[in-house]
Amino acid sequence: MRKYKGTSKLMLQPRSAEEVSQILKYCNSRCLAVVPQGGNTGLVGGSVPAFDEVIVNTSHMNKIISFDKVSGILVCEAGCILETLIAFLDNQGFVMPLDLGAKGSCQIGGNVSTNAGGLRLLRYGSLHGSVLGLEVVLANGTVLDMLGTLRKDNTGYDLKHLFIGSEGSLGIVTKVSILTPPKLSSVNVCFLACSDYASCLKLLLDAKRKLGEILSAFEFLDHDAMDLVLKHLEGVRNPFPSSMHNFYVLIETTGSSESYDREKLDAFLLHSMENGLISDGVVAQDITQASSCWHIREGIPEALMKEGGVYKYDLSIPVETMYDLVEEMRVRLDASAKVVAYGHLGDGNLHLNISTPQYDDNILSQIEPFVYEWTSKHKGSISAEHGLGLMKANKIHYSKSPETVQLMASIKKLLDPNGILNPYKVLPPSLFSKAEI
Ligand code: FAD
Ligand code: MLT
Ligand code: ZN
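Residues numbered from 1 in each chain as written. Chains lettered and ligands numbered in written order. Predicted model: local features only at pLDDT ≥ 70, side-chain atom pairs only at ≥ 80, totals over all residues. Heavy atoms only, no water.

S.K.: How should the overall build of the protein be read in this particular structure?
M.R.: When helices and strands are counted, the protein shows 15 helices and 15 strands. Against the globule reference of 22 Å for 437 residues, the protein gives a C-alpha radius of gyration of 22 Å, in line with a compact fold. Taken along the three principal axes of its C-alpha coordinates, the protein extends 70 × 55 × 40 Å. Taking all 437 residues of the protein together, 52% fall into the buried category. Long-range contacts, defined here as pairs at least 24 residues apart, represent 73% of the contacts in the protein between residues at least 6 apart. For the protein, the computed accessible surface area is about 19,300 Å², with 54% contributed by carbon and sulfur atoms. Of note, the protein has its 40 positive side-chain charges centred 4 Å away from the centre of its 48 negative side-chain charges. (Helix = DSSP H or I, 4+ residues; strand = E, 2+ residues; numbered from the N terminus. Rg over C-alpha atoms; globule rule 2.2 N^0.38 Å. Buried < 20%, exposed > 50% of the residue type's maximum accessible area, 1.4 Å probe, protein only. Contact = heavy atoms within 4.5 Å. Areas by Shrake-Rupley, 256 points an atom, 1.4 Å probe, with all protein chains shown as cover. Lys, Arg positive; Asp, Glu negative; His and termini not counted. Charge placed at Lys NZ, Arg CZ, Asp CG, Glu CD.)

S.K.: When you look at the side chain of Thr356 in this model, what are you seeing that I'm missing?
M.R.: Relative to the helices and strands, Thr356 is located in strand β15 (residues 349-356). For Thr356, the side chain forms a polar contact with the main-chain oxygen of Gln358, separated by 3.0 Å. Dropping the residues within four chain positions of it, Thr356 is found in contact with Gly308, Gly309, Tyr311, Ser336, Ala337 and Ile363. (Polar contact = N/O pair within 3.5 Å; in protein donor to acceptor, adjacent residues only side chain to side chain.)

S.K.: Is there a simple way to think about the site of ligand 1 in this case?
M.R.: In the vicinity of ligand 1, 35 residues are found, and the nearest of them are Pro36, Gly39, Asn40, Thr41 and Gly42. Residue Gly38 places a main-chain N or O atom 2.8 Å away from an oxygen atom belonging to ligand 1. Between ligand 1 and Gly39 there is a distance of 2.8 Å, counted from an oxygen atom to a backbone nitrogen or oxygen. Looking at the shell around ligand 1, the elements with two or more residues in it are β2 (34-37), α3 (108-114) and β8 (172-179). Take the shell around ligand 1: its biggest share by element is five residues, from α3. Grouping the amino acids of the shell around ligand 1 by side-chain chemistry returns ten nonpolar, 23 polar and two charged. (Near = heavy atom within 4 Å. Nonpolar A, V, L, I, M, F, W, Y, C, P; charged D, E, K, R; others polar.)

S.K.: It is not clear to me how the pairing of strand β4 (residues 64-68) should be interpreted in this structure. Could you clarify?
M.R.: Residues in a regular strand point their side chains to alternate faces of the sheet. Alignment of β4 against strand β5 (residues 73-77), held across four bridges, turns out to be antiparallel. Of the residues in β5, the one forming a bridge with Ser66 is Val75. Two successive antiparallel strands, β4 and β5, enclose a turn made up of four residues, where Gly72 displays a positive phi of approximately 75°. (Pairing = 2+ DSSP bridges.)

S.K.: What exactly am I supposed to notice about the pattern of salt bridges here?
M.R.: Any two side chains of opposite charge can pair if their charged atoms end up close together. Considering all chains together, one arrives at 17 salt bridges under this definition. Residue Arg297 is joined to Glu219 by a salt bridge in which the shortest nitrogen-to-oxygen separation is 2.7 Å. On the criterion of sequence distance, the pair formed by Arg297 in helix α10 (residues 287-298) and Glu219 in strand β10 (residues 215-222) is long-range, its members being 78 residues apart. Like Arg297, the residue Glu219 is buried in the burial classification. We note a salt bridge from Arg330 to Asp224, for which the minimum N-O separation is 2.9 Å. Remark: Asp224 occurs in helix α8 (residues 223-232) and Arg330 occurs in helix α12 (residues 319-332); sequence separation between them is 106 residues. On the accessibility criterion, Asp224 (15% relative accessible area) is buried. (Salt bridge = Lys/Arg side-chain N within 4 Å of Asp/Glu carboxyl O.)

S.K.: Mind showing me how you'd approach helix α1 (residues 17-29) here?
M.R.: Owing to its 3.6 residues per turn, the α-helix aligns residues three or four sequence positions apart on the same side. Helix length check: α1, at 13 residues, gives a terminal C-alpha distance of 18 Å against a target of 18 Å (1.5 Å per residue), a fit within 8%. Of the residues making up α1, those classed as buried are Ala17, Val20, Ser21, Ile23, Leu24, Cys27 and Asn28. One side of α1 carries all its buried residues, which in axial view fall inside an arc of 165°. Next to the buried residues of α1 lie β1 (11-12), β2, β3 (54-57), β6 (131-137), β7 (143-146) and β8. One or two residues past the end of α1 sits Cys31, with phi positive at roughly 50°. (Expected span 1.5 Å × (residues − 1). Arc of directions from axis to C-beta.)

Below, the structure written as structure tokens:
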């Protein structure tokens, strides 16, 4: 992103939980700060050493430990690359319940630690649902074995949830057990154009009702996002070269019967056209066309990075008002700043990006705190899926009450009394004494 610059004199690449334990025991006894790092694809600076932290990178812990074809439960080390797991499961006739544009580099430990959402949360739910167990090393070196492989287990507090989404601030995840659904044979992808945001919304409501159980993704992008992809990504073709559209929606269905699914999709598309919700559309005829549609959506972050500086905001906002923020932002900023919107509309997750030729404090002051205040006022979340990291540690109060933040700080102090794990991230550093950070 050319936004976060790390400084560290030391990166360690342990090969086992035991080695992670020894590292943390040593660092804790000497109050040396540590930054856990997976694939380093995070977008809020969480994996970057802010000052001089020791980097503990999990890339060498990349073994698949077991896979049970009956239950679909995969157990693997934290450093496994998401794409490797996707390919492994595909060979076994299963799918990973998580997919995202950074799959080629991000690691499952990083995914769990950020509670990554991605492109199919709509269908498979969040990692709080599909992760069944974790092995985690605490700041003092204790190896916590919570690596359960059971669907149901109500024996006491379910502590693994503390580590899902805690961005390396409470422990280092070393192993993950995850429930994976069977791969279904029938997948359809369509790419649709809409003239206004209201039509995208109506389309979403209709898709939920009419496609129901086969709906597996509902993504949207606006014309500025499309323009950037067409400008920067090689080999991308505009599905609608002859006309301009304001919004685009990518819908995917996944089911077990080709004829039944196609019939449902065709009926849905016909109904949407008759109601004037779609101004144009293509249904992918094969896997290559389906990948091209996904390439447009997944390529937006890369296109933005190529354009220049980018201020990224990852927000949960009630869908009815979501695009109002984008329009208000366009009015606030002058024309040299491009306001680009896309995201997981099916999950109420807007990715609001402001693209500028280069980073500029003047522009930042026009965006923040406005964007956080707006989101808070509309009962949204200032981090839908990317986490708080370095970028938003001081902004947590826009989405969480003071009492909740205090309890989080108490939990942090209990698990990491010397504050060695990912200091300056997630929670406001002002909540901790100097010795603790
Ligand atoms: P890193 O970036 O290395 O680390 C992220 C955070 O987790 C840091 O705070 C780090 O300290 C901590 N961490 C990493 N590994 C561990 C561990 N083993 N134990 C404890 N803490 C750890 N995110 C989404 O949610 N949805 C998306 O659709 C999505 N798409 C993306 C597309 C692109 C092109 C890019 C560049 C990023 C995208 N992201 C998305 C953001 C990012 O990829 C995810 O947050 C991902 O889960 C991070 O994984 P990582 O291994 O790269 O973690
Ligand atoms: C996405 O959905 O593409 C990712 O979360 C990355 C981004 O927001 O740029
Ligand atoms: Zn996203």
